Amino acid sequence: MSLDSKVPKGPIADKWTNHKNNINLVNPANKRLIDVIVVGTGLAGGSAAATLAELGYNVKAFCFQDSPRRAHSIAAQGGINAAKNYQGDGDSNYRLFYDTVKGGDYRSREANVYRLAEVSANIIDQCVAQGVPFAREYGGLLDNRSFGGVLVSRTFYAAGQTGQQLLLGAYSAMNRQIGRGKIKMYNRHEMLDVVVVDGKARGIITRNLVTGEIERHSAHAVVLGSGGYGNVFFLSTNAMGSNVTAAWKAHKRGAYFANPCYTQIHPTCIPVSGDHQSKLTLMSESLRNDGRIWVPKNIEDVKAIREGRLKPTEIAEENRDYYLERRYPAFGNLVPRDVASRAAKERCDAGYGVNATGEAVYLDFASAITRYGKEQAHVKGLDENDAALVKKLGQEVIKTKYGNLFQMYEKIVDQNPYETPMMIYPAVHYTMGGLWVDYNLQTTVPGLYAIGEANFSDHGANRLGASALMQGLADGYFVLPYTIGDYLADDIRTGPISTESKEFEEAEKNVRERIEFFVNNEGKHSVDYFHKKLGKIMWNKVGMARNVKGLTEAISEIKALREEFWKEVKVPGTANEFNEELAKAGRVADFLELGELFAKDALHREESCGGHFREDFVEESGEQKGEAKRDDENFAYVAAWEYKGQPSEAQLHKEELEFNDIELKQRSYK
Amino acid sequence: MNLTLKIWRQKNANDKGKMVDYQVSDISPDMSFLEMLDVLNEQLINKGEEPVAFDHDCREGICGMCSLYINGEAHGPDRGVTTCQLHMRMFKDGDTIFIEPFRAKAFPVIKDLVVDRSAFDRIQHAGGFISVNTSGNTIDANAIPVNKHDADDAFSAATCIGCGACVASCKNSSAMLFVGAKVSQFALLPQGQVEATDRVMNMVKQMDEEGFGNCTNTGACEVECPKGISLENIARMNSEYLKASLKG
Ligand SMILES: Cc1cc2nc3c(=O)[nH]c(=O)nc-3n(C[C@H](O)[C@H](O)[C@H](O)COP(=O)(O)OP(=O)(O)OC[C@H]3O[C@@H](n4cnc5c(N)ncnc54)[C@H](O)[C@@H]3O)c2cc1C
Ligand code: SF4
Ligand code: FES
């Protein structure tokens, strides 16, 4: 099948408007005859479910947590971008579009990104109307901050809990529709397969996580907003339950999986402290507005710190290496994430890491505390030279901006970041890859849509900070509800979809067999045992720096691990009860397949771009020496993989990317 | 550290349930409380026993999923944290730790330490929203300035994670802090004013129907709330309720 991105014709700024004017609509009376399933209640799924219900469709929504409000979007910290230009610093739709395409290292589809920028401003209007309490200035207007990879302040925020506030906004919109009976909510339900009837997605199979019951649900279309797959690395900033199962089942039913190897390793996370660790905690990128990143200049100081003989606060300014400011003077501490992560790895690999494991750098707020403190002293007419006072006032400002993050840090690390610099290190955070979708957000299976982090659409090979929240809400509130109508317009006379067909039967049978296998298998090792092993392979060989040897080994190691898993996995308990090990087993089984495709994709992409860094493709000389080397001649395409029975046999389809509105250039943040 | 754990085990909603003793050893003070339970569960699985069921997801104090009653306190002995943020450095070698589910009539046990908090969702269905369509056809976000003080207070109220610790800590199993936080968030914002009367009446009615108890101003909820939601929110809800009742 050839890939048709269905990008509308015409100038980029008119495409979305023209498209909306030309697609089919379903009239309000007919919408009542149509059912839509939405899997996931994060920003993408939650906003889509609410909007579809409000338009009049009958929505069934699913999540595996005990309430839609607990979807992983709740954990997003720093902010959401929108081209409002409230700060009057020259922002515009074009600039947001340009920054996103450049930040993504020229591997995203121009038309989708432009649309995202175009609808972004409206997201903020919508959220404020819903009662989302964004941060405000004293005059009562909305405040903004800056995120990496851009030169304007366009990020809206609610302290360090922006995702929480936005998700509660979408949740409240859902609640209104649940109360009206337009959304039927299924909490603690896990989707375990997509059902395709006559070539169209017509339903899903779920397991009730409380009773173990296997259920069939039918609809005229199925929307997946099931989030990202970063947990293939075991350790990531994702929630424990985040998984690839919904997307992977869709893949096995015919949806192509795009760019699986594009993963974001976030530069500012709390470093790993030991083998017991179950997850990693992000320290929001917003901290790079005020925090400066450094390691000691002298290796003797590094040694002294590791041995506890020296404190970071005792190292003089001239003996510190603010390596981002040194290497990237134009963007400094606010370079994009992939660049900042690699730079941290470079320093730590060179031996300058500042904790016992050698894998940590400092994120220091001392100069910001002094700067804010002086400003406050000045405003209040107090003594700007009173160091203790300035520090106290400065710390108060920092507290209002990042209080919850500082508290999280202190609880985990047991050090006070107001007094001593934070220690941070890169960790897996976000997956740019995902189900391939066209301009309408439809996958290669008709009637099956993917939104939010589950699709691949807008961020190319690297996502800019504060853009995932924007994308999730854009997809759910403003894009999908229109584009899905074009498809559903053909279904107004179809009538309810029966769950008695052979396709439902077959899908349910597969699900049951797999569950029976797990609870009956007499294996030796827990699910986590395999998940941790997979994570180690992924991190060491498919992580921040990749090469042919490592990737080739990873592929065969994952395959071997998968075989061992199917022989030796041990799942206690029964199928007909609350059984978390059983749920985990299914998720890890899918990660073990995805992991291999991920490595295969990374091996095939013989270039470095964004989060995908190949050690064999770097600039050898000139100003950009050591930076990633992209190959636009051969790799300016989306790699969309078709399932063929085994990850190793997956077939590659290419969507060539055309750049008409932005000139393809080497990314420079110098 | 070596510890003795006394954990509530209950097969399902109909089972009577009982406390069971377990031993764990070599616990690092840097572990989180849930990572300590992971160690116990790995041990149980390897012995062929059923692991202890507990709710958790984000493990960073924001999703509100984790919900343990530890040594007689919701979310354990530390202040301003959820169970998943509690670290083992709060305990000593040789300690005995009691671990129970959040108990309340409105939160029936599903299994072991997992409870059903869907009553909270139903209270929100009754009125925890502003009736604005999500079409995007609304006024510019900066069209109505909001006093920073009110916006900050609305935000503080909105940081409630819906964990239910307030209910579990209250001798009457009252949900007033949770409901008060939501009512306050909207009451403090101009956008929330239009439906203020209906909202507070409907949410309180649903709260009562779910079987939560009355508030007798003991204040245990505020002490145990991991997000520092203050009693002022209950006072604000009471005054909103009074205003609404007077309007009829
Ligand atoms: C710690 C952290 C901080 C972040 N901070 C920011 C930020 O400041 N700004 C920003 O723009 N982005 C941020 N991000 C990224 C952003 O939060 C996510 O990309 C985004 O929220 C994903 O939303 P989503 O709706 O696609 O998926 P999610 O919110 O992950 O929701 C997935 C949903 O799918 C459901 N689900 C999954 N699988 C199944 C299944 N098989 N059956 C049933 N239901 C299923 C889940 O229950 C859940 O409801 C952050 C991410 C992390 C991890
Ligand atoms: S008010 Fe506090 S304790 Fe109660 S649900 Fe909200 S966050 Fe939890
Ligand atoms: S697991 Fe999310 S708050 Fe504890």
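Conventions used here
Residues numbered from 1 in each chain as written. Chains lettered and ligands numbered in written order. Predicted model: local features only at pLDDT ≥ 70, side-chain atom pairs only at ≥ 80, totals over all residues. Heavy atoms only, no water. Helix = DSSP H or I, 4+ residues; strand = E, 2+ residues; numbered from the N terminus. Rg over C-alpha atoms; globule rule 2.2 N^0.38 Å. Buried < 20%, exposed > 50% of the residue type's maximum accessible area, 1.4 Å probe, protein only. Areas by Shrake-Rupley, 256 points an atom, 1.4 Å probe, with all protein chains shown as cover. Near = heavy atom within 4 Å. Polar contact = N/O pair within 3.5 Å; in protein donor to acceptor, adjacent residues only side chain to side chain. Contact = heavy atoms within 4.5 Å. Buried area = accessible area lost by both parts, 1.4 Å probe. Salt bridge = Lys/Arg side-chain N within 4 Å of Asp/Glu carboxyl O. Nonpolar A, V, L, I, M, F, W, Y, C, P; charged D, E, K, R; others polar. Pairing = 2+ DSSP bridges. Domains from an automatic or database assignment. Axes fitted to C-alpha atoms, helices over the stretch in contact; angles between N-to-C directions. Phe/Tyr/Trp six-rings, centres within 6.5 Å; stacked < 30°, edge-to-face > 60°. Parallel < 35°, antiparallel > 145°, perpendicular 65-115°, else oblique. Left-handed = near helix turned anticlockwise from the far one by under 90°. Expected span 1.5 Å × (residues − 1). Bend = angle between axes of the 7 residues up to and from the residue. Core = buried A, V, L, I, M, F, W, Y, C linked by side-chain atoms within 4.5 Å. pLDDT = per-residue confidence, 0-100.

Peer 1: Before we move on, could you go through the overall build of chain A and cite the residues and values that matter?
Peer 2: Scanning chain A from N- to C-terminus turns up 18 helices and 19 strands. The C-alpha atoms of chain A give 25 Å as radius of gyration, which agrees with the globular expectation for 670 residues (26 Å, within 12%). Overall size of chain A, expressed as C-alpha extent along the three principal axes, is 75 × 60 × 50 Å. Within chain A, the fraction of its 670 residues that count as buried is 66%. For chain A, the exposed surface amounts to about 22600 Å²; the carbon and sulfur share of it is 48%.

Peer 1: Describe in detail the site of ligand 1, supporting the description with residues and values.
Peer 2: Among the 39 residues in the neighbourhood of ligand 1, the closest are listed as Gln-65, Ser-73, Gly-78, Met-191 and Glu-453 of chain A. This site is not confined to one chain, since residues near ligand 1 come from chains A and B. Contacts to ligand 1 include Phe-64 of chain A, whose backbone N or O atom sits 3.1 Å from an oxygen atom. For ligand 1, an oxygen atom lies 3.2 Å from a polar atom in the backbone of Ser-467 of chain A. Relative to its unbound accessible surface of 1000 Å², ligand 1 loses 98% to contact with the protein. Taken together, the elements giving at least two residues each to the shell around ligand 1 come down to helix H3 (43-55), strand S6 (189-197), strand S15 (422-431) and helix H13 (468-488) of chain A. For the shell around ligand 1, the element with the most residues is S6 of chain A, which contributes three residues.

Peer 1: So what's going on with the side chain of Gln-471 of chain A? Which residues, and what values?
Peer 2: Residue and element names in this part refer to chain A. Here Gln-471 lies in helix H13. Classification of Gln-471 by relative accessible area gives buried; the value is 1%. Looking at Gln-471, its side chain comes within polar contact range of the side chain of His-459, at 2.9 Å. For Gln-471, the residues in contact, after removing those within four places along its chain, are Leu-116, Tyr-430, Gly-452, Asn-455, Ser-457, Asp-458 and His-459.

Peer 1: Which residues make up the interface of chain A and chain B, and what are the values?
Peer 2: Counting from both sides, the interface comprises 77 residues of chain A and, opposite them, 72 residues of chain B. Taken together, the two surfaces of chain A and chain B that pack against each other cover about 6100 Å², and 51% of this comes from carbon and sulfur. For the pair chain A and chain B, the interface holds eight salt bridges. At the junction of chain A with chain B, the criterion picks out 46 residue pairs in polar contact (both at pLDDT 80 or more). Counting residues per element, the ones that place at least two in the side of chain A that touches chain B are H3, helix H5 (110-130), helix H6 (162-179), helix H12 (387-413), H13 and helix H17 (580-604) of chain A. The residue makeup of the side of chain A that touches chain B, split by class, is 30 nonpolar, 27 polar and 20 charged.

Peer 1: Provide a residue-level description of helix H7 (residues 245-252) of chain A, including the pertinent values.
Peer 2: Think of an α-helix as turning once every 3.6 residues; residues three or four places apart then point the same way. All names here are of chain A. In terms of burial, H7 is largely enclosed, as seven of its eight residues are buried. Residues of H7 that are buried: Thr-245, Ala-246, Ala-247, Trp-248, Lys-249, Ala-250 and His-251. Positive backbone phi, at 120°, marks Gly-254, one or two positions downstream of H7.

Peer 1: So, the pairing of S6 of chain A: which residues are in play, and what are the values?
Peer 2: Consecutive side chains along a regular strand alternate between the two faces of the sheet. All names here are of chain A. Burial analysis of S6 places eight of its nine residues in the buried class, the great majority of the element. For S6 and strand S7 (residues 200-208), the ladder comprises eight bridges, and the chain directions are antiparallel. Bridging from a neighbouring strand, Val-195 pairs with Gly-203 of S7.

Peer 1: Please set out the pattern of salt bridges residue by residue, giving values where relevant.
Peer 2: All names here are of chain A. Under the definition given, this model contains 79 salt bridges over all chains. Put simply, Arg-309 and Glu-307 hold a salt bridge, and the shortest N to O gap is 2.8 Å. Note on Arg-309: relative accessible area 56%, which makes it exposed. Between Lys-524 and Glu-568 there is a salt bridge whose closest N-O contact spans 3.4 Å.

Peer 1: A description of the domain arrangement of chain B should follow, citing residues and the corresponding values.
Peer 2: All names here are of chain B. Here chain B is partitioned into domain 1 (3-111) and domain 2 (117-247). One C-alpha centre belongs to domain 1, the other to domain 2, and the line joining them spans 29 Å. Contacts between the two partners involve 24 residues from domain 1, matched on the other side by 19 residues from domain 2. With both sides pooled, the region where domain 1 packs onto domain 2 buries about 1500 Å², and carbon together with sulfur makes up 57% of that total. Its largest share of buried area at the contact with domain 2, domain 1 owes to Gly-64, Ala-106 and Phe-107, together 32% of the area lost on that side. Between Glu-224 and Arg-79 there is a salt bridge, and its shortest N-O distance comes to 3.5 Å. The interface formed by domain 1 and domain 2 contains three residue pairs in polar contact (both at pLDDT 80 or more). Split by residue class, the side of domain 1 that touches domain 2 holds eleven nonpolar, eight polar and five charged.

Peer 1: Please set out the sheet that holds strand S3 (residues 68-70) of chain B residue by residue, giving values where relevant.
Peer 2: All names here are of chain B. Strand order in the open sheet made by the five strands is S2-S1-S5-S3-S4, with mixed pairing throughout. Both outer strands of the open sheet, strand S2 (18-24) and strand S4 (73-74), are each paired with one neighbouring strand and no more. With three bridges connecting them, S3 and strand S5 (residues 96-101) associate as antiparallel partners. Note on S5: the bridge partner recorded for Tyr-69 is Glu-100. Each of strand S1 (3-9), S2, S3 and S5 is contacted by helix H1 (residues 33-46), which is oriented at about 80° to S1, the strand it contacts most.

Peer 1: Can you tell me about the packing of aromatic side chains, naming the residues and giving the values?
Peer 2: Residues and elements named next belong to chain A. Enumeration over the complete set of coordinates arrives at 36 aromatic pairs over all chains. Between Phe-517 and Trp-566, the aromatic rings sit 5.3 Å apart at their centres with planes inclined by 50°, giving tilted as the arrangement. Highlighted residues: Phe-517 in helix H14 (residues 502-520) and Trp-566 in helix H16 (residues 548-568), separated in sequence by 49 residues. For Phe-517, a relative accessible area of 29% translates into the label partly exposed. According to the relative accessible area criterion, Trp-566 is partly exposed, its value standing at 27%.

Peer 1: So, the packing of H3 of chain A against H6 of chain A: which residues are in play, and what are the values?
Peer 2: All names here are of chain A. Packing of H3 against H6 leaves a shortest axis separation of 8 Å and a crossing angle of 30°. In this view, H3 runs roughly parallel relative to H6, as classed from their interaxial angle. The two elements H3 and H6 cross, and the hand of that crossing is left-handed. Here Leu-43, Gly-46, Ser-47, Ala-49, Ala-50, Ala-53 and Glu-54 of H3 come into contact with H6, specifically with Leu-166, Leu-167, Ala-170, Ala-173, Met-174, Arg-176 and Gln-177. For the contact of H3 with H6, a count of residues per class yields nine nonpolar, three polar and two charged.

Peer 1: For the domain arrangement of chain A, give the residues involved together with the corresponding values.
Peer 2: Residues and elements named next belong to chain A. When the domains of chain A are assigned, the result is domain 1 (268-426) and domain 2 (500-631). Taking the mean C-alpha position of each, domain 1 and domain 2 sit 34 Å from one another. If you look at the interface, domain 1 gives nine residues, while domain 2 gives ten residues. Sorting the residues of domain 1 by area buried against domain 2 places Asp-338, Arg-342 and Lys-345 first, and these three jointly supply 54% of that buried surface.

Peer 1: Could you give an account of the site of ligand 2, naming the residues involved and the relevant values?
Peer 2: Residue and element names in this part refer to chain B. Taken together, the neighbourhood of ligand 2 is formed by 13 residues, with Cys-160, Cys-163, Gly-164, Cys-166 and Cys-225 sitting nearest. Residue assignment for the shell around ligand 2 shows that the elements contributing at least two residues are helix H4 (165-169) and helix H5 (176-187). Taken together, the residues that form the shell around ligand 2 break down as eleven nonpolar, two polar and no charged.

Peer 1: Residues and numbers for the environment of Asn-355 of chain A, please.
Peer 2: Position of Asn-355 of chain A among the secondary structure elements: in the loop between helix H10 (337-349) and strand S14 (361-364). The class of Asn-355 of chain A is buried, set by a relative accessible area of 12%.

Peer 1: I'd like to hear about H5 of chain A, residue by residue, with values.
Peer 2: Residue and element names in this part refer to chain A. In a regular helix each residue adds 1.5 Å, so 21 residues correspond to 30 Å; H5 covers 31 Å between its end C-alpha atoms and thus fits that length. The largest bend along H5 measures about 35° and falls at Ser-120. By the criterion of burial, H5 is predominantly enclosed, with 19 of the 21 residues buried. Gly-131 lies just past H5 and shows a positive phi near 95°.

Peer 1: Give me the lowdown on the nonpolar core, citing residues and values where you can.
Peer 2: By size, the foremost hydrophobic cluster in this structure holds 239 residues, and its most contacted members are Ile-80 and Phe-134 of chain A together with Phe-212 of chain B. Residues contacting Phe-134 of chain A, with those up to four places away along its chain left out, are Ile-80, Ile-124, Cys-127, Val-128, Leu-142, Phe-156, Tyr-157, Ala-158 and Leu-166 of chain A.

Peer 1: Tell me about the confidence of the model for chain B, and please be specific about residues and values.
Peer 2: Chain-level pLDDT for chain B is 96 on average; 100% of the residues reach the 70-or-more range. In the predicted complex, the global pTM is 0.97; the interface-specific ipTM is 0.98.

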